[in-house]
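Residue-level structure breakdown
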Amino acid sequence: MDSRHSTVAANTLLSLAYRSREEELNKDFPRVLVLLAGHFIGMEEGYTAIRQLNRSGLRLKLAADEQLLKNHTAQQLAAKTGIDDIITSAALHSLTPEATDLLFIPVLSLSLLSRLSMLDASDPYVELIIQFICAGKPAGALTLGADPGHYRWGEQGLLHAPPGLKAAMKHKLEAIEGFGITLLEPDQVDYWVTSAQSRLQRQVLTAEDIQNAVKLGRTSIHATAPAVITPLAADLARQYGIEIIL
């Protein structure tokens, strides 16, 4: 990747062009944090989805897990994804929900799915995902890596998963969906981004948001002003002692 296609250079130029108008910059060019993990299914679809987002007027930062970086250099990942703004998962502790507008998981590996469904915050990806969804930030994940019924598994001779394994994986997917993560097929990514951008411009807190906060043991929700709070959400927040902070 040369400087003409550098996401680092492009984002720097945008920041200079908007100077002190950061709120306007984030509205016009939302920030997307991509959490990339390695897996035996879904890498090509994941890379394609990332490149697709990179062509959609978004500012992308890529986090690559340690195992992936053992098998690929940063330059190789930049060539595959179109993003050269790459950080390691170990550096995620320095990121906060305020630094990003959308969270995207292009490859839902089985290890990440398992740790996320158990809310294992010892994993840096899981810890960050929990922070983001509790801050009301849209999060989406491609699911084919965790769906043994998908044709991509069949292409690799992996269509003979026993019912118990399929049921367990389905249960874990349902769990993370209940946490507020949107489960996506590759052809749904554009629509998800459009919907998420609309939500960012005018956040709506629903009863589901309150219920998710209760499941995660949260005592407060930070809402982005101007926010709309549905009557049922307000009632549930009072019932469970959830403070809505604007």
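This text goes with the structure placed above it.
What comes next concerns the included structure. Because the structure is a prediction, the values reported are computed rather than measured.

Looking at the overall build of the protein
Of the regular secondary structure elements, the protein holds 12 helices and 10 strands. Against the 2.2 N^0.38 benchmark of 18 Å for 246 residues, the protein shows a C-alpha radius of gyration of 18 Å, consistent with a compact globule. C-alpha atoms of the protein, sized along the principal axes, occupy 55 × 50 × 30 Å. Considering the protein as a whole, with its 246 residues, one finds that 45% of them fall into the buried category.

Looking at the pairing of strand S2 (residues 59-64)
With five of six residues buried, S2 is to be regarded as a mostly interior element. Judged from the six bridges that link them, strand S1 (residues 31-36) and S2 form a sheet pairing that is parallel. If you follow Val34 over to S2, its bridge partner there is Leu62. Pairing analysis gives three bridges linking S2 to strand S3 (residues 86-88), with the strands arranged parallel. When the bridges of S3 are listed, Leu62 appears paired with Ile86.

Points about the sheet that holds S1
Taken together, six strands build an open sheet; the order of strands is S3-S2-S1-S4-S5-S6 and the sheet is parallel. The two strands at the open ends of the sheet, each matched to only one other strand, are S3 and strand S6 (181-184). Sheet twist, expressed as the average angle between the axes of neighbouring strands with direction ignored, equals 25°. Here strand S5 (residues 139-142) pairs with S6 via four bridges, running parallel. Bridging across to S6, Ala141 finds its partner in Leu183.

Quick notes on the packing of aromatic side chains
Scanning the model with the defined rule gives three aromatic pairs in all. Taken together, a centroid distance of 6.1 Å and an interplanar angle of 85° make the contact between Tyr18 and Phe29 edge-to-face. With Tyr18 in helix H1 (residues 7-18) and Phe29 in the loop between helix H2 (22-28) and S1, the pair connects residues that are 11 residues apart, well separated along the chain. A residue is classified by how much of its surface remains accessible, and Tyr18, at 12% relative accessible area, is buried. Where Phe40 meets Trp153, the ring centres are 5.4 Å apart and the plane angle is 75°; that geometry is what we call edge-to-face.

With respect to the environment of His171
Assignment of secondary structure puts His171 in helix H9 (residues 163-178). Considered as a pair, His171 and Ser117 are 54 residues apart in the sequence and their alpha carbons are 8.9 Å apart.

Comments concerning the pairing of S1
Most of S1 is tucked away: six of the six residues are buried. Burial along S1 is two-sided: Arg31, Leu33 and Leu35 facing one way and Val32, Val34 and Leu36 facing the other are all buried. In this view, the connection linking S1 to its parallel neighbour S2 by way of helix H3 (residues 43-54) has right-handed handedness. Sheet topology note: the S1/strand S4 (residues 102-105) ladder contains three bridges and is parallel. Along S4, the bridge assignment pairs Leu33 with Leu103.

Examining the nonpolar core
Within the largest apolar cluster, 29 residues are counted, with the highest numbers of intra-cluster contacts made by Leu33, Leu35, Leu92, Leu108, Ile129, Ile176 and Ile181. Elements that contribute at least two residues to this core include exactly S1, S4, helix H6 (110-117), helix H7 (124-134), S5 and H9. Element by element, the count of residues in this core is highest for H7, at eight residues. Apart from the residues lying within four places of it in its own chain, the contact partners of Ile176 are Leu108, Leu113, Leu116, Ser117, Ile181 and Leu183. In terms of nonpolar packing, the next biggest core, distinct from the first, is built from 24 residues, Leu36, Ile50, Leu68 and Leu184 among them.

About the thresholds
Residues numbered from 1 in each chain as written. Predicted model: local features only at pLDDT ≥ 70, side-chain atom pairs only at ≥ 80, totals over all residues. Heavy atoms only, no water. Helix = DSSP H or I, 4+ residues; strand = E, 2+ residues; numbered from the N terminus. Rg over C-alpha atoms; globule rule 2.2 N^0.38 Å. Buried < 20%, exposed > 50% of the residue type's maximum accessible area, 1.4 Å probe, protein only. Pairing = 2+ DSSP bridges. Axes fitted to C-alpha atoms, helices over the stretch in contact; angles between N-to-C directions. Phe/Tyr/Trp six-rings, centres within 6.5 Å; stacked < 30°, edge-to-face > 60°. Right-handed = clockwise from strand over helix to strand, strands pointing away. Core = buried A, V, L, I, M, F, W, Y, C linked by side-chain atoms within 4.5 Å. Contact = heavy atoms within 4.5 Å.

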